[in-house]
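Take a look at the letters that make up each chain.
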Amino acid sequence: MDLEVSSALTIPATELRWKFSRSSGPGGQHVNTSDSRVQLTWSIVESPAVDEEQRTLLLERLARRLVSGSITVTVAQERSQLRNREIALDQLASLLREAFTPAGPPRRPTRPTRGSARRHAAAKQQRSATKQQRRRPTAD
(Lines give C-alpha, C1' and ligand atoms only; values in the text may rest on other atoms or scores of the structure.)
Protein backbone atom coordinates (compact mmCIF):
# COMPACT_ATOMS: atom_id res chain seq x y z
CA MET A 1 0.00 0.00 0.00
CA ASP A 2 2.12 2.88 -1.34
CA LEU A 3 1.55 6.37 0.01
CA GLU A 4 0.78 8.90 -2.71
CA VAL A 5 1.66 12.35 -1.38
CA SER A 6 1.36 14.17 -4.69
CA SER A 7 1.67 13.40 -8.38
CA ALA A 8 5.42 14.00 -8.05
CA LEU A 9 6.00 11.92 -4.91
CA THR A 10 4.88 8.41 -4.03
CA ILE A 11 6.46 6.66 -1.06
CA PRO A 12 6.75 2.88 -1.51
CA ALA A 13 5.25 0.75 1.24
CA THR A 14 8.66 -0.87 1.82
CA GLU A 15 10.01 2.44 3.19
CA LEU A 16 7.26 2.81 5.79
CA ARG A 17 7.92 1.24 9.20
CA TRP A 18 4.92 0.28 11.31
CA LYS A 19 4.86 -0.33 15.04
CA PHE A 20 1.82 -1.42 17.02
CA SER A 21 1.09 -1.25 20.73
CA ARG A 22 -1.79 -1.20 23.15
CA SER A 23 -3.87 1.94 23.09
CA SER A 24 -5.19 3.78 26.11
CA GLY A 25 -8.24 5.02 24.21
CA PRO A 26 -11.78 3.67 23.88
CA GLY A 27 -12.54 -0.03 23.79
CA GLY A 28 -13.25 -1.26 27.31
CA GLN A 29 -11.72 -4.67 28.05
CA HIS A 30 -10.98 -5.08 24.35
CA VAL A 31 -8.32 -2.37 24.62
CA ASN A 32 -6.24 -4.57 26.96
CA THR A 33 -5.95 -7.35 24.41
CA SER A 34 -5.50 -5.65 21.05
CA ASP A 35 -2.62 -3.61 19.67
CA SER A 36 -4.66 -0.83 18.08
CA ARG A 37 -2.22 2.09 18.60
CA VAL A 38 -0.20 2.73 15.45
CA GLN A 39 3.19 4.37 14.96
CA LEU A 40 4.17 5.10 11.36
CA THR A 41 7.79 6.11 10.72
CA TRP A 42 9.40 7.22 7.46
CA SER A 43 13.08 8.03 7.13
CA ILE A 44 13.56 11.10 4.96
CA VAL A 45 17.35 10.79 5.07
CA GLU A 46 17.46 7.19 3.79
CA SER A 47 14.59 7.39 1.31
CA PRO A 48 15.39 6.93 -2.39
CA ALA A 49 11.85 8.14 -3.24
CA VAL A 50 12.84 11.82 -2.88
CA ASP A 51 15.54 13.69 -4.76
CA GLU A 52 18.13 15.85 -2.99
CA GLU A 53 16.19 19.08 -3.49
CA GLN A 54 13.03 17.59 -2.00
CA ARG A 55 15.04 16.01 0.82
CA THR A 56 16.64 19.31 1.89
CA LEU A 57 13.27 21.06 1.72
CA LEU A 58 11.62 18.39 3.89
CA LEU A 59 14.49 18.34 6.38
CA GLU A 60 14.34 22.12 6.69
CA ARG A 61 10.57 22.49 6.99
CA LEU A 62 9.95 19.45 9.23
CA ALA A 63 13.03 19.93 11.43
CA ARG A 64 11.00 20.28 14.63
CA ARG A 65 9.21 16.96 14.05
CA LEU A 66 12.22 14.90 13.00
CA VAL A 67 14.19 12.48 15.14
CA SER A 68 17.48 11.49 13.47
CA GLY A 69 16.07 12.19 10.01
CA SER A 70 12.82 10.27 10.45
CA ILE A 71 9.28 11.53 10.87
CA THR A 72 6.88 9.59 13.09
CA VAL A 73 3.09 9.80 13.26
CA THR A 74 1.26 8.16 16.18
CA VAL A 75 -2.48 7.45 16.10
CA ALA A 76 -4.71 5.87 18.75
CA GLN A 77 -8.05 7.51 17.90
CA GLU A 78 -10.07 4.48 16.85
CA ARG A 79 -10.68 1.01 18.26
CA SER A 80 -9.65 -0.57 14.98
CA GLN A 81 -5.99 -0.97 14.07
CA LEU A 82 -6.87 -0.82 10.38
CA ARG A 83 -8.66 2.52 10.80
CA ASN A 84 -5.74 3.90 12.82
CA ARG A 85 -3.39 2.82 10.04
CA GLU A 86 -5.48 4.70 7.48
CA ILE A 87 -5.51 7.82 9.66
CA ALA A 88 -1.73 7.62 10.16
CA LEU A 89 -1.18 7.41 6.39
CA ASP A 90 -3.46 10.41 5.84
CA GLN A 91 -1.69 12.43 8.53
CA LEU A 92 1.77 11.67 7.12
CA ALA A 93 0.63 12.57 3.60
CA SER A 94 -0.88 15.87 4.78
CA LEU A 95 2.28 16.74 6.73
CA LEU A 96 4.41 16.15 3.64
CA ARG A 97 2.01 18.07 1.38
CA GLU A 98 2.09 20.98 3.79
CA ALA A 99 5.91 20.91 3.83
CA PHE A 100 6.01 21.06 0.02
CA THR A 101 3.62 24.00 -0.32
CA PRO A 102 5.48 27.24 -0.95
CA ALA A 103 5.65 29.74 1.86
CA GLY A 104 3.38 32.77 1.60
CA PRO A 105 4.66 36.30 1.17
CA PRO A 106 6.64 37.66 4.11
CA ARG A 107 4.73 39.77 6.61
CA ARG A 108 5.11 43.49 6.22
CA PRO A 109 5.50 45.02 9.67
CA THR A 110 2.95 47.70 10.42
CA ARG A 111 2.48 50.16 13.25
CA PRO A 112 -0.64 50.30 15.42
CA THR A 113 -3.10 52.99 14.39
CA ARG A 114 -3.49 56.10 16.51
CA GLY A 115 -6.99 55.04 17.56
CA SER A 116 -5.86 51.58 18.67
CA ALA A 117 -3.01 53.13 20.68
CA ARG A 118 -5.52 55.45 22.40
CA ARG A 119 -7.87 52.56 23.17
CA HIS A 120 -4.96 50.54 24.54
CA ALA A 121 -3.88 53.43 26.82
CA ALA A 122 -7.47 53.98 27.99
CA ALA A 123 -7.88 50.31 28.85
CA LYS A 124 -4.64 50.41 30.86
CA GLN A 125 -5.83 53.53 32.72
CA GLN A 126 -9.15 51.83 33.53
CA ARG A 127 -7.41 48.71 34.79
CA SER A 128 -5.05 50.81 36.92
CA ALA A 129 -7.98 52.70 38.44
CA THR A 130 -9.77 49.44 39.25
CA LYS A 131 -6.71 48.09 41.03
CA GLN A 132 -6.19 51.36 42.92
CA GLN A 133 -9.74 51.21 44.27
CA ARG A 134 -9.06 47.74 45.71
CA ARG A 135 -6.19 49.02 47.86
CA ARG A 136 -6.60 49.78 51.54
CA PRO A 137 -7.09 53.53 52.10
CA THR A 138 -4.11 55.40 53.50
CA ALA A 139 -4.17 56.80 57.08
CA ASP A 140 -3.83 60.44 55.91
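Please refer to the structure placed before this passage.
Residues numbered from 1 in each chain as written. Predicted model: local features only at pLDDT ≥ 70, side-chain atom pairs only at ≥ 80, totals over all residues. Heavy atoms only, no water.

## Quick notes on the overall build of the protein
- Check the secondary structure of the protein and you find 3 helices and 6 strands.
- Its helices and strands in sequence order give the protein the pattern β-β-β-β-α-β-β-α-α, from N to C terminus.
- Relative to the 2.2 N^0.38 estimate, which gives 14 Å for 140 residues, the radius of gyration of the protein is 26 Å and therefore markedly larger than a compact globule would have.
- C-alpha extents for the protein along the principal axes are approximately 80 × 50 × 25 Å.
- Per-residue burial over the protein gives 27% buried out of 140 residues.
- Of the contacts formed within the protein by residues at least 6 apart in sequence, a portion of 57% connects residues at least 24 apart.
- Accessible surface, the protein as shown: approximately 10,500 Å² in total, 48% of it carbon and sulfur.
- Of the side-chain charges in the protein, 24 are positive and 14 negative, and the distance between the mean point of each set is 20 Å. (Helix = DSSP H or I, 4+ residues; strand = E, 2+ residues; numbered from the N terminus. Rg over C-alpha atoms; globule rule 2.2 N^0.38 Å. Buried < 20%, exposed > 50% of the residue type's maximum accessible area, 1.4 Å probe, protein only. Contact = heavy atoms within 4.5 Å. Areas by Shrake-Rupley, 256 points an atom, 1.4 Å probe, with all protein chains shown as cover. Lys, Arg positive; Asp, Glu negative; His and termini not counted. Charge placed at Lys NZ, Arg CZ, Asp CG, Glu CD.)

## Brief notes about the pattern of salt bridges
- Here the structure, examined in full by the defined rule, presents 2 salt bridges.
- Salt-bridge contacts for Glu52 lead to Arg55; the nearest nitrogen and oxygen are separated by 3.2 Å. Of this pair, Glu52 and Arg55 are both found in helix α1 (residues 52–61), 3 residues apart, which corresponds to roughly one turn of the helix.
- What makes Glu52 exposed here is its relative accessible area of 53%.
- Judged by relative accessible area, which is 11%, Arg55 ranks as buried. (Salt bridge = Lys/Arg side-chain N within 4 Å of Asp/Glu carboxyl O.)

## Describing the packing of α1 against helix α2 (residues 81–100)
- α2 packs onto α1 with a crossing angle of 105 degrees between their chain directions and a minimal axis gap of 9 Å. Comparing the axis directions of α1 and α2 gives the class roughly perpendicular. Packed against α1, whose contacting residues are Gln54, Leu57, Leu58 and Arg61, the element α2 presents Leu96, Ala99 and Phe100 at the interface.
- Each residue belonging to the contact of α1 with α2 can be placed in one class, and the counts come to 5 nonpolar, 1 polar and 1 charged. (Axes fitted to C-alpha atoms, helices over the stretch in contact; angles between N-to-C directions. Parallel < 35°, antiparallel > 145°, perpendicular 65-115°, else oblique. Nonpolar A, V, L, I, M, F, W, Y, C, P; charged D, E, K, R; others polar.)

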